[in-house]
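# Per-entry structural report
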Amino acid sequence: MGRVVDCAIYEGGRRLGSLDINDPEQMKVQPGRVIWIGLYEPGQDVLTKLQHYFGLHELAVEDAYRAHQRPKLELYAETMFVVMKTAQMDESHVAMGETSFFIGRGYIITVRHGPSTSYSDVRARCENSPENFKKGEDFILYALMDFIVDRYFPIVDSIEDDIERLEEAVLDGRSTMDVLEEITVLRRDLLHMRHAVAPLPEICQRLMRYDMALIDRNTHPYFRDVSDHSTILLDRIENLRELIKTVVDTKMLMSAMKQNEVMRQLAAWAAMLAVPTAVAGIYGMNFQNMPELTWKYGYFGVIGLIVAVCALLFVRFKRSGWL
């Protein structure tokens, strides 16, 4: 069920108290104060109330409610709307969620959907640093974005460990069909992570533009730090995608080599079996005048010839590595 996680008002970086989201008087923006509202999968009625309180654009409210957007930054009059993807490890795969931010003068609203870590730690860290917190809504936005990006790193580390483990299994010849299934899951996870991270450097660059009235220039270095972390993540993700592609190519190459080895062995045994088959075929023909038909030791001579030729072929194939 959707719910209001927290709704509080701050002044000078310090919390003054909690607010009732159903009270229009408490939701009024006041100079020098910031309202921070945290929502988790809210209903349409809650977002409609906030739309009336803060003058949010209906398209941004619809995007925040449906939560099927790619990371982006949009401006609607006096309101900035930011969307980011969240990620969590769910057993053996990455589960993706989404968070939308409404930022305006005197307020910031976060709307979480799907798997994500609660932002209560971010709120507590900001409340414990009033000197930074009093910078306003833009610093809260930075703290939230930085928190989401930092949650990406352990996931990428986990994917990297899994890929290295699969690479060792493939090189050691211990790979099975389960390995191919794991590779498929990892490739899908990397694709989801790339879609989540790739737009972030551009978003941070837009936030650092001087025409963004809601972002103070003193906060630009913080967003630059988020941009740097996002670029590092994107580089790592691209490298892991190349690495897992190499693992797949190695798996296919080793499978082809193993198949070729089996085909060589089958060809060698087929060549040896061809000798007795040919001799038996010749002596199985219904002719009266054939060599050695009346010889007392003809049967033993033919058997000996077959054994000798097959033994010779076996030795030759063994030396050449076919057997």
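For the structure, see preceding data.
Residues numbered from 1 in each chain as written. Predicted model: local features only at pLDDT ≥ 70, side-chain atom pairs only at ≥ 80, totals over all residues. Heavy atoms only, no water.

### Section: the overall build of the protein chain
When its secondary structure is counted, the protein chain shows nine helices and seven strands. Relative to a compact globule of 323 residues, whose C-alpha radius of gyration would be 20 Å, the protein chain shows 35 Å and is clearly more extended. Overall, the protein chain is about 120 × 35 × 30 Å in size when its C-alpha atoms are taken along their principal axes. Among the 323 residues that make up the protein chain, the fraction classed as buried is 40%. By sequence separation, contacts in the protein chain at least 24 residues apart represent 64% of the contacts at least 6 residues apart. Carbon and sulfur atoms make up 54% of the accessible area of the protein chain, which amounts to about 18,000 Å² in all. Charge centroids of the protein chain, computed over 36 positive and 45 negative side chains, lie 5 Å from each other. (Helix = DSSP H or I, 4+ residues; strand = E, 2+ residues; numbered from the N terminus. Rg over C-alpha atoms; globule rule 2.2 N^0.38 Å. Buried < 20%, exposed > 50% of the residue type's maximum accessible area, 1.4 Å probe, protein only. Contact = heavy atoms within 4.5 Å. Areas by Shrake-Rupley, 256 points an atom, 1.4 Å probe, with all protein chains shown as cover. Lys, Arg positive; Asp, Glu negative; His and termini not counted. Charge placed at Lys NZ, Arg CZ, Asp CG, Glu CD.)

### Overview of the packing of aromatic side chains
Tallied over the full model, the rule gives eleven aromatic pairs. With a centroid separation of 4.9 Å and 50° between ring planes, the pair formed by Y142 and Y222 is classed as tilted. Here Y142 is found in helix α5 (residues 137–171), whereas its partner Y222 is found in helix α8 (residues 220–283), with 80 residues between them in sequence. When its relative accessible area of 24% is taken as the criterion, Y222 is described as partly exposed. One aromatic cluster in this structure is built from F139, Y142, Y222 and F223. (Phe/Tyr/Trp six-rings, centres within 6.5 Å; stacked < 30°, edge-to-face > 60°.)

### Considerations on the pattern of salt bridges
For the structure on display, the rule yields 15 salt bridges. Of the charged contacts in the structure, one is a salt bridge between K72 and E74, with a shortest N-O distance of 3.3 Å. Classification of E74 as partly exposed rests on a relative accessible area of 24%. When the shortest N-O distance is used, the salt bridge between R194 and E238 registers 2.4 Å. One end of the pair, R194, is in helix α6 (residues 177–197); the other, E238, is in helix α8, and 44 residues separate them in sequence. Using a relative accessible area of 28% as the deciding quantity, one classes E238 as partly exposed. A single network of salt bridges, built from pairs that share partners, joins D6, R15, R123 and E127. (Salt bridge = Lys/Arg side-chain N within 4 Å of Asp/Glu carboxyl O.)

### Considerations on the nonpolar core
Counting residues in each nonpolar core, the largest one holds 59 residues, and the members touching the most others are M80, L141, Y152 and L207. The biggest single contributor to this core is α5, with 18 residues. In contact with Y152, not counting residues within four places along its chain, are K85, T86, A87, M193, A196, V197, L200 and L233. Ranked by size, the runner-up nonpolar core spans 22 residues in total, among them I37, L39, L50 and Y107. (Core = buried A, V, L, I, M, F, W, Y, C linked by side-chain atoms within 4.5 Å.)

### Some thoughts on empty space enclosed by the protein
The final tally for this structure, using the stated rule, is one cavity of 30 Å³ or more. Considered as a void within the structure, the largest cavity measures approximately 50 Å³ in volume. Taken together, T86, A87, Q88, S116, T117, Y119, F147, I148 and R151 make up the full set of residues lining the largest cavity. Looking at the lining of the largest cavity, the elements that each hand over two or more residues are β5 (79–90) and α5. In terms of residue class, the lining of the largest cavity is built from four nonpolar, four polar and one charged. (1 Å grid on protein atoms, 1.4 Å probe; cavity = no way out; pocket = protein on both sides within 12 Å on 5 of 7 lines; lining within 4 Å. Points joined across faces, edges and corners; volume = space filled by probe spheres on them. Nonpolar A, V, L, I, M, F, W, Y, C, P; charged D, E, K, R; others polar.)

### Describing the pairing of β5
When you tally the buried positions in β5, you get nine out of twelve residues, the bulk of the element. Where strand β4 (residues 72–76) lies against β5, five bridges are found, and the strand directions are antiparallel. Of the residues in β5, the one forming a bridge with L73 is V82. Counting the residues in the hairpin turn of β4 and β5 gives two residues, including A77, whose phi is positive at 55°. Relative to strand β6 (residues 93–104), β5 runs antiparallel, the two sharing eleven bridges. When the sheet's bridge partners are listed, A87 is paired in β6 with M96. (Pairing = 2+ DSSP bridges.)

### Regarding a nonpolar patch on the surface
Taken together, W295, Y297, Y299, F300, I303 and V307 make up a surface patch of nonpolar side chains, about 700 Å² in accessible area. Residue F300 is classed as exposed on the basis of its relative accessible area, which comes to 58%. (Patch = residues over 30% accessible without salt bridge, like charges linked within 9 Å, V, L, I, M, F, W, Y side chains within 5 Å.)

### Quick look at the packing of α5 against α8
Geometrically, a packed helix pair is captured by the angle between its two axes and the distance between the axes. Between α5 and α8, the least distance of the axes is 9 Å, while the angle of their chain directions is 15°. As far as their axial angle goes, α8 and α5 are roughly parallel. Both α5 and α8 take part in a crossing whose hand is left-handed. Considered class by class, the residues forming the contact of α5 with α8 number 23 nonpolar, three polar and nine charged. (Axes fitted to C-alpha atoms, helices over the stretch in contact; angles between N-to-C directions. Parallel < 35°, antiparallel > 145°, perpendicular 65-115°, else oblique. Left-handed = near helix turned anticlockwise from the far one by under 90°.)

### Some words on the state of the cysteines
Under the definition given, this model contains zero disulfides. The closest cysteine sulfur to the non-disulfide-bonded C204 is located on C126, 16 Å from its own sulfur. On the accessibility criterion, C204 (0% relative accessible area) is buried. (Disulfide = S-S within 2.5 Å.)

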